[in-house]
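Residues per chain, in single letters:
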Amino acid sequence: MDLGVMPEVNLSLNPKVKLIKEGDHGYLYDHENVCVQVANRTALHILELCDDEHSVNDIIEDLAMLFPDVPKSKLEKDVTHFIADLIKEGVVVFS
Amino acid sequence: MTQLKQLFLYLTYECNMKCKHCWVYSDKKSKPLDSSIWINAITEAQDLGLELVKFTGGEPFLEKSLLFTLVDTGIEYTAETNGTLFTESDVEHLSQSKIREIGVSIDFPDPQRFEAFRGLPHSFEKVTNSIILLHEYDIPAVCIMSVFADNLRDIPAVAELVFDLGADKLKAHPVMAMGKAKEFVNHLLPLPAYKELAHTLEEIEEMYPGKIGTSLPWVLIADFASDHLDITRTVCEYKSLLTLLPNGDVSLCGVGITSPSTIVGNIQQDALSDIWENKPGLLSELHDMDPLHIHGICGKCIFRRYCANMCPAYVYDIYGTFTASYPLCEELRASGLFPEKYLV
């Protein structure tokens, strides 16, 4: 999925999933498939930003502050890919 | 037809130890069946897709001759033992067979408490020597620690001991009040101690990554590091196994020892293939059980695809049905100790 045309649109978690935070990681429960995925620290951070108030660009900016040593172009690429995967799996939707 | 992947073989109920927590009534005398009967059952199971045999008991090495006869048929197998009856030539023999791993019980890091608990003088040295021997002959040794109130804080010391001896894994399983172990109920872990158990496992998992296992439900180890789903977990393949008891009874699991209603035939009269295909008695009920539709708390837990209710046999022993929740999780919830955020 090409997110290039929608970097300013806010994201939210699909109501079919439940995010449960546990220390520095989290669990993403899919109500439809009754399965659980583990989210590591960074994935959890991104998922928490999918709160209806942040766009892809906002998330990239947030992570750029979190990882100042990582080139912006790499961050953009990685975050866009990750969010595209989340949308493809139905975990995240555009608001 | 469902594949019969595993057979649990109880060669005997008898044991040379007198462990207080064991669920098997080891004073139950049993004359071993002729090896030809066991071999016939294994051959039938191979036609049904058998992949692995587990020898257990009682102490399977009390029936060493029978055990070695069966092992020498070329089956792939594991064994659970107290580790006191090996000689080096026995281990050498095992090393030349298709052994996947051997489970050795060890609950304390010192001879005094170990021998007092297991009721067999001088056994600590034998067990530790057995672990060393298994390591020397490249047989994966999985040490099984039965955890209860008196040894909860000994887990790190037991881990250090067994890994120094060359063990490949340590599984720390809380004792369940089943069978004879119901007499041990006052020594079981109190409910608040399960959190301490989980944190202890987390700590030693960091020291020995990939080498720690437990039978705790997922929900109790969910606050482990994010790769905790990789921790060795005992997941019951109850839909693809049968158990053969010392008298030839065929049971759904070892629970047949304490719940006669779970016995579905006897290999002296019945063909294993008939039992597996026709699913008499409770076998049909067990195989039809949908792990995603368990009653009670397990049916609401996000980890239910991975746990179901942990141990249908134990659940049946307690509640008389396979579809009830795991008793520990129900008890934790009733006590306010269950992490409710994992319920949906």
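Residues numbered from 1 in each chain as written. Chains lettered and ligands numbered in written order. Predicted model: local features only at pLDDT ≥ 70, side-chain atom pairs only at ≥ 80, totals over all residues. Heavy atoms only, no water.

(A) Examining the overall build of chain A more closely. Within chain A one finds three helices and six strands. For chain A, the succession of helices and strands along the chain, N to C, is β-β-β-β-α-β-α-α-β. For chain A, whose C-alpha radius of gyration is 13 Å, the value lies close to the compact-globule estimate of 12 Å for 95 residues. Counting only C-alpha atoms, chain A reaches 35 × 30 × 20 Å along its principal axes. Within chain A, the fraction of its 95 residues that count as buried is 39%. Here the contacts in chain A between residues at least 6 apart in sequence split such that 55% fall between residues at least 24 apart. (Helix = DSSP H or I, 4+ residues; strand = E, 2+ residues; numbered from the N terminus. Rg over C-alpha atoms; globule rule 2.2 N^0.38 Å. Buried < 20%, exposed > 50% of the residue type's maximum accessible area, 1.4 Å probe, protein only. Contact = heavy atoms within 4.5 Å.)

(B) Spotlight on the overall build of chain B. Regarding its fold elements, chain B presents twelve helices and eleven strands. Computed over its C-alpha atoms, the radius of gyration of chain B comes to 20 Å, within 12% of the 20 Å expected for a compact globule of 344 residues. Overall, chain B is about 55 × 45 × 35 Å in size when its C-alpha atoms are taken along their principal axes. With 344 residues in all, chain B has 56% of them scored as buried. Taking the intrachain contacts of chain B between residues at least 6 apart in sequence as the baseline, contacts between residues at least 24 apart amount to 67%. Of the roughly 14,000 Å² of accessible surface on chain B, 50% is carried by carbon and sulfur atoms. Between the averaged position of the 28 positive side-chain charges in chain B and that of its 47 negative side-chain charges there is a distance of 5 Å. (Areas by Shrake-Rupley, 256 points an atom, 1.4 Å probe, with all protein chains shown as cover. Lys, Arg positive; Asp, Glu negative; His and termini not counted. Charge placed at Lys NZ, Arg CZ, Asp CG, Glu CD.)

(C) A look at helix α6 (residues 155-165) of chain B. Residues and elements named next belong to chain B. Listing the buried residues of α6 in full gives I155, V158, A159, L161, V162, F163 and L165. On its buried face, α6 sits against α5 (123-136), β5 (141-147), β6 (169-174), α7 (193-207) and β7 (212-214). Once α6 finishes, G166 follows within two positions and takes phi at roughly 110°, a positive value.

(D) Region of the structure containing unusual backbone geometry. Residues and elements named next belong to chain B. Residue G58 is bonded to the preceding G57 through a cis peptide linkage, with omega at 25°. Summarising the element assignment, G58 is placed in the loop between β2 (52-56) and α2 (64-71). Of note in the backbone geometry, D138 takes a positive phi value of approximately 60° without being a glycine. Structurally, the position occupied by D138 is in the loop between α5 and β5.

(E) Representation of the pairing of strand β4 (residues 35-39) of chain A in the model. Residue and element names in this part refer to chain A. When strand β3 (residues 25-30) meets β4, the two strands line up antiparallel, connected through five bridges. Bridge pairing in β4 places G26 opposite A39. Between β3 and β4, which pair antiparallel and follow one another directly, the connecting turn spans four residues, one of which, V34, has a positive phi of 50°. (Pairing = 2+ DSSP bridges.)

(F) The arrangement of the side chain of R304(B) in detail. All names here are of chain B. Tracing the backbone shows R304 in helix α10 (residues 304-307). Although R304 is buried, it forms no salt bridge, and the closest oppositely charged side chain is D290 at an N-O distance of 8.0 Å. Polar side-chain contacts of R304 include one of 3.1 Å to the backbone oxygen of C301. (Salt bridge = Lys/Arg side-chain N within 4 Å of Asp/Glu carboxyl O. Polar contact = N/O pair within 3.5 Å; in protein donor to acceptor, adjacent residues only side chain to side chain.)

(G) Structural context of the pattern of salt bridges. Enumeration according to the criterion identifies 17 salt bridges over all chains in this entry. The partner of E22(A) in a salt bridge is K341(B), with the nearest N and O atoms 3.3 Å apart. Placement of the pair is E22(A) in strand β2 (residues 17-22) and K341(B) in the segment after α12 (327-334), with the two residues belonging to separate chains. Where R113(B) meets D154(B), a salt bridge forms, and the shortest distance between an N and an O atom there is 2.9 Å. Taken as a pair, R113(B) in helix α4 (residues 111-118) and D154(B) in the loop between β5 and α6 lie far apart in primary sequence, 41 residues in all. Residue class for D154(B) comes out buried when judged on its relative accessible area of 12%. Connected through salt bridges with shared partners, the residues K16(A), D30(A) and E32(A) form a single ionic network.

(H) Expanded view of the packing of helix α2 (residues 56-66) of chain A against helix α3 (residues 72-88) of chain A. Residues and elements named next belong to chain A. In contact at an axis separation of 10 Å, α2 and α3 are set at 130° when each is read in the N-to-C sense. Regarding the angle of α2 to α3, the classification is oblique. In terms of crossing hand, the pair formed by α2 and α3 is right-handed. Between α2, through V56, I59, I60, E61, L63 and A64, and α3, the contact on the second element is made entirely by K72, L75, E76, V79, T80 and I83. (Axes fitted to C-alpha atoms, helices over the stretch in contact; angles between N-to-C directions. Parallel < 35°, antiparallel > 145°, perpendicular 65-115°, else oblique. Left-handed = near helix turned anticlockwise from the far one by under 90°.)

(I) Structural context of helix α1 (residues 41-49) of chain A. What α1(A) keeps buried is the set A43(A), L44(A), I46(A), L47(A) and L49(A). The opening residue of α1(A) is N40(A), an N-cap whose side-chain oxygen sits 3.2 Å from the backbone nitrogen of T42(A).

(J) Up close: the environment of H25(A). Position of H25(A) among the secondary structure elements: in strand β3. It is 22 Å that separates the C-alpha atoms of H25(A) and K88(A), two residues lying 63 residues apart in sequence. One polar contact links H25(A) to D24(A), side chain to side chain, over a distance of 3.2 Å. Of the polar contacts made by the side chain of H25(A), one reaches the backbone oxygen of A222(B); its length is 3.1 Å.

(K) Representation of the pairing of β6(B) within the structure. All names here are of chain B. Within β6, five of the six residues are buried, which leaves the element mostly enclosed by the surrounding structure. The sheet contact formed by β5 and β6 spans six bridges and is parallel. Counted as the bridge partner of V147 is P174 from β6. Tracing the backbone out of β5, into α6 and back to the parallel element β6 gives a crossover that is right-handed. Here β6 runs beside β7; their pairing, made up of three bridges, is parallel. Of the residues in β7, the one forming a bridge with K171 is G213. (Right-handed = clockwise from strand over helix to strand, strands pointing away.)

Read these as spatial facts, not as claims about activity.
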